[in-house]
Amino acid sequence: MELTNEQWTRIEPIILKTTPEKDPRGRKPKLPRDVETLREAYDQAKRNGGAPGIDGLSFTDIEKAGLEDFLEGISKDLLNDTYSPRENRKVDIPKDNGNVRTLQIPGIRDRVVQGALKLILEAIFEADFCHNSYGFRPKRSPHLALSAVRRSLLRRMNRVIDVDLTKYFDNIQHSILLEQIARRVEDPKVMHLVKKIIKMAGKNGVPQGGPFNPLAANIYLNDVDWAFDNIRQKTAYKGYEYVNYHRFADDIVITVSGHHTKRGWTERALQRLQEYTELLGVSLNTEKTKIVDILKQDSFGFLGFDFRRRTLWRTRKAYILMTPKKKARIRKYQGEF
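The notes below deal with the structure included here. (Residues numbered from 1 in each chain as written. Predicted model: local features only at pLDDT ≥ 70, side-chain atom pairs only at ≥ 80, totals over all residues. Heavy atoms only, no water.)

1. Details of the sheet that holds strand S7 (residues 300-302)
The strands that make up a sheet are held in pairs by hydrogen bonds between backbone atoms, and each pair lies either parallel or antiparallel. Which entries qualify depends on this criterion: Between any two strands, at least two bridges found by DSSP are needed for them to pair. Note on conventions: DSSP H or I runs of at least 4 residues are helices, E runs of at least 2 residues are strands, and numbering of each starts at the N terminus. Between the N-to-C directions of two axes lies an angle of 0 to 180 degrees, each axis being a line fitted to C-alpha atoms and, for a helix, fitted only over the stretch in contact.
With antiparallel pairing, the three strands of this open sheet are ordered in space as S7-S8-S9. Both edges of this open sheet fall to S7 and strand S9 (318-324), since each of them pairs with a single strand only. Ignoring strand direction, the axes of neighbouring strands in this sheet form an average angle of 40 degrees. As judged from the seven bridges shared by strand S8 (residues 305-311) and S9, these two strands associate in the antiparallel manner. Bridging across to S9, aspartate 306 finds its partner in threonine 323.

So this is what it looks like as structure tokens:
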């Protein structure tokens, strides 16, 4: 079954309308100002470790001075609307290509507030997130994402779009993100707190390094996730899938059937992705985004692993070989936040 350009257009839902309607209950989360929620956020921040923020205050310093007083102080600031995030400490992390990735490390006080905000919002948005998104979600992991990509390749989706987004976290538009969150959150105090947190990055973007920002990044691309899940369903035929999409944070891989009747589908899928991301103010890195065919011995990388198709010499049975990259390691996606 081959779809024409017109048919592809008809199966595409308009972006920002792809997320299913959810039960409106739970749309009014309370401001995370109770000490118990703040304590849980503090415990999570402590388990994750991490260096002090720009104020130099460590977990040991806080507990020596009195943890309860510390949490009570945050609670009062949130209650009286006097809480204001402090400047983040910037740390440059070298990348394999010679460039640097800038992390912005909040102080522990701000990490606790962000963590508490994440706790109340994650319960709402987790119900909205698509199954093809794996990054920084409960009961999801890089290993599940890698297994899903491998499964798609074994199902003869051998044409692969290896996607690279240009400075994704830096290009998140605050106005769009706030609108997306406001669809599910009606409390103006919560929205005001969200705005305070994301504005610390400047006019655009969410800084990498805070507990809330991975959730914000998932919310921002959720409509794209659902749009491609719709494509997956509409192009499936008699139980066979011909297009699949996998995302972990800003790493995206799209697999497409290499059957001759699906000629041109890979290019159309890439075109759709570009149209969707441009509506969000995010662009594809055209130099790094590429289409590969694993039947032609091409390879691609995802989450620190290279994927290749190999054939057993004796049985001639094909299998997918996954090899860790020398410098990239899957652990870079764990514990940073």
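2. Some points on the pattern of salt bridges
Inclusion rule: One speaks of a salt bridge when a side-chain nitrogen belonging to Lys or Arg is within 4 Å of a carboxyl oxygen belonging to Asp or Glu. Burial status follows relative accessibility: with a 1.4 Å probe on protein chains alone, a residue under 20% of its type maximum counts as buried, one over 50% as exposed, and anything between as partly exposed.
Using the criterion set out here, one finds 15 salt bridges in the structure. Across the pair arginine 184 and aspartate 128 runs a salt bridge whose closest N-O atoms are separated by 2.8 Å. Here arginine 184 is found in the loop between helix H7 (174-182) and helix H8 (188-198), whereas its partner aspartate 128 is found in the loop between helix H5 (108-125) and helix H6 (142-154), with 56 residues between them in sequence. Grouping residues by exposure puts arginine 184 and aspartate 128 together as buried. Across the salt bridge formed by arginine 232 and glutamate 241, the nearest N and O atoms sit 2.8 Å from each other. Using a relative accessible area of 15% as the deciding quantity, one classes arginine 232 as buried. A single salt-bridge network, built from bridges that share partners, covers Glu36, Arg39 and Glu68.

3. Concerning the sheet that holds strand S5 (residues 251-256)
Condition: The criterion used for residue contact is that any of the two residues' heavy atoms lie within 4.5 Å.
Within the open sheet, the four strands sit side by side as S4-S5-S3-S6. Their pairing is antiparallel. Bordering the open sheet on either side are strand S4 (243-248) and strand S6 (290-293), each of which pairs with just one other strand. Strand-to-strand twist in this sheet, taken as the mean axis angle between neighbours without regard to direction, amounts to 20 degrees. Looking at chain direction, S4 and S5 are connected through six bridges and run antiparallel. For tyrosine 245, the partnering residue across the bridge sits in S5 and is isoleucine 254. Sheet strands in contact with helix H9 (residues 213-235) are S4 and S5, and its direction is about 165 degrees off that of S4.

4. Details of the side chain of aspartate 223
Position of aspartate 223 relative to the elements: it lies in helix H9. On the basis of relative accessibility, which here comes to 2%, the residue aspartate 223 falls in the buried class.

Remember that the coordinates give geometry; whether it matters functionally is a separate question.
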